[in-house]
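So the chains spell out like this:
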Amino acid sequence: MMLAFDGASVDGSAYRDVVDLAQRSPGWLDTAVTLWSAYGLALFALLMVAGWWRARRTGATAAVTALAVPVVVVLAYGVDAVLKSAVREDRPCRSLRVSTLEACPAPGDWSFPSNHAAIAAAAAVALLFVWRRLGAVACVAAAAMAASRVWVGVHYPHDVVTGLVVGGLTALVTMLAVRRGSPAMARRVAASAPLRPLLSAS
């Protein structure tokens, strides 16, 4: 039998306050937050495509940097998943037995840190290296994604805060390395005829 960490002692009361507020909020608001929580990560994919599309017009080095963003997101997800498996924190909706907007994930689908928050933060920080305005939009969206996961009841606040930190730091460290190596990588990719269209709009 596996023993799981119970995070209720960290900020269980704050979690209850948010979930109770969600139960008392207008239906349209709960619906909007629930849809964002479930499908909002698709926006980050669109922002990554938009960043790459613009970067192609800037130059090969910028395009390589943009192409690194989804790779960084996958890396951040991997780091987050390792932490999840190590900590094995039960979902708050399972530990505290509260009514939530989203169905409680099955046992063994651990809570800490939040995958959604980590993915969103990684995309946002990485996009800052591609196009600051786009990255700023993504940062706001990442904060909204993190908050929505608590609102619908599937994460404690500390889950999403840690997810943001894990995703953001992973992206920052990786993108700094990418920025240093992108000129050389751009030259290699540009030398390959099949891959050359990825770097230029012409």
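Now for a look at the structure at hand. (Residues numbered from 1 in each chain as written. Predicted model: local features only at pLDDT ≥ 70, side-chain atom pairs only at ≥ 80, totals over all residues. Heavy atoms only, no water.)

With that settled, the discussion passes to the pattern of salt bridges. If you walk through the whole model with that rule in mind, you get two salt bridges. Between Arg-91 and Asp-109 there is a salt bridge, with the nearest N and O atoms lying 2.9 Å from each other. With Arg-91 in the loop between helix H4 (60-87) and helix H5 (92-95) and Asp-109 in the loop between H5 and helix H6 (115-128), this pair connects stretches of sequence that are 18 residues apart. Its relative accessible area of 6% is what places Arg-91 among the buried residues. Here Arg-149 and Glu-102 are joined by a salt bridge, their closest N and O atoms 3.6 Å apart. With Arg-149 in helix H7 (residues 132-151) and Glu-102 in the loop between H5 and H6, this residue pair connects regions lying 47 residues apart in the sequence. Note on Glu-102: relative accessible area 22%, which makes it partly exposed. (Salt bridge = Lys/Arg side-chain N within 4 Å of Asp/Glu carboxyl O. Helix = DSSP H or I, 4+ residues; strand = E, 2+ residues; numbered from the N terminus. Buried < 20%, exposed > 50% of the residue type's maximum accessible area, 1.4 Å probe, protein only.)

As a further point, take helix H2 (residues 27-39). Taking 1.5 Å per residue, 13 residues should reach 18 Å; H2 reaches 18 Å between its end C-alpha atoms and fits that length. Those residues of H2 that sit buried are Asp-30, Val-33 and Ser-37. Down the axis of H2, the smallest arc covering the buried residues is 70 degrees, so these residues share one side. Across from the buried face of H2, at angles greater than 90 degrees, the exposed residues are Trp-28 and Tyr-39. (Expected span 1.5 Å × (residues − 1). Arc of directions from axis to C-beta.)

This part takes up the side chain of Asp-80. On the secondary structure map, Asp-80 appears in helix H4. Buried and unpaired, Asp-80 has Lys-84 as its nearest opposite-charge partner, separated by 5.0 Å. In this structure Asp-80 touches Pro-113, Ser-114, Asn-115, Ala-118, Gly-163 and Val-166, once residues within four positions along its chain are discounted. (Lys, Arg positive; Asp, Glu negative; His and termini not counted. Contact = heavy atoms within 4.5 Å.)

Together, Val-161, Val-165, Leu-169, Leu-172, Val-173 and Leu-176 make up a nonpolar patch on the protein surface, roughly 490 Å² of accessible area in all. By the element assignment, Leu-172 lies in helix H8 (residues 157-190). Overall, Leu-172 belongs to the partly exposed group, its relative accessible area being 36%. (Patch = residues over 30% accessible without salt bridge, like charges linked within 9 Å, V, L, I, M, F, W, Y side chains within 5 Å. Areas by Shrake-Rupley, 256 points an atom, 1.4 Å probe, with all protein chains shown as cover.)

Moving on to the side chain of Arg-91. Of note is the side chain of Arg-91, whose polar atom sits 3.0 Å from the backbone oxygen of Val-154. Setting aside residues up to four positions removed in sequence, Arg-91 forms contacts with Lys-84, Cys-104, Pro-105, Asp-109, Trp-110, Ser-111, Val-154 and His-155. (Polar contact = N/O pair within 3.5 Å; in protein donor to acceptor, adjacent residues only side chain to side chain.)

Worth remembering: the numbers are spatial, not functional.
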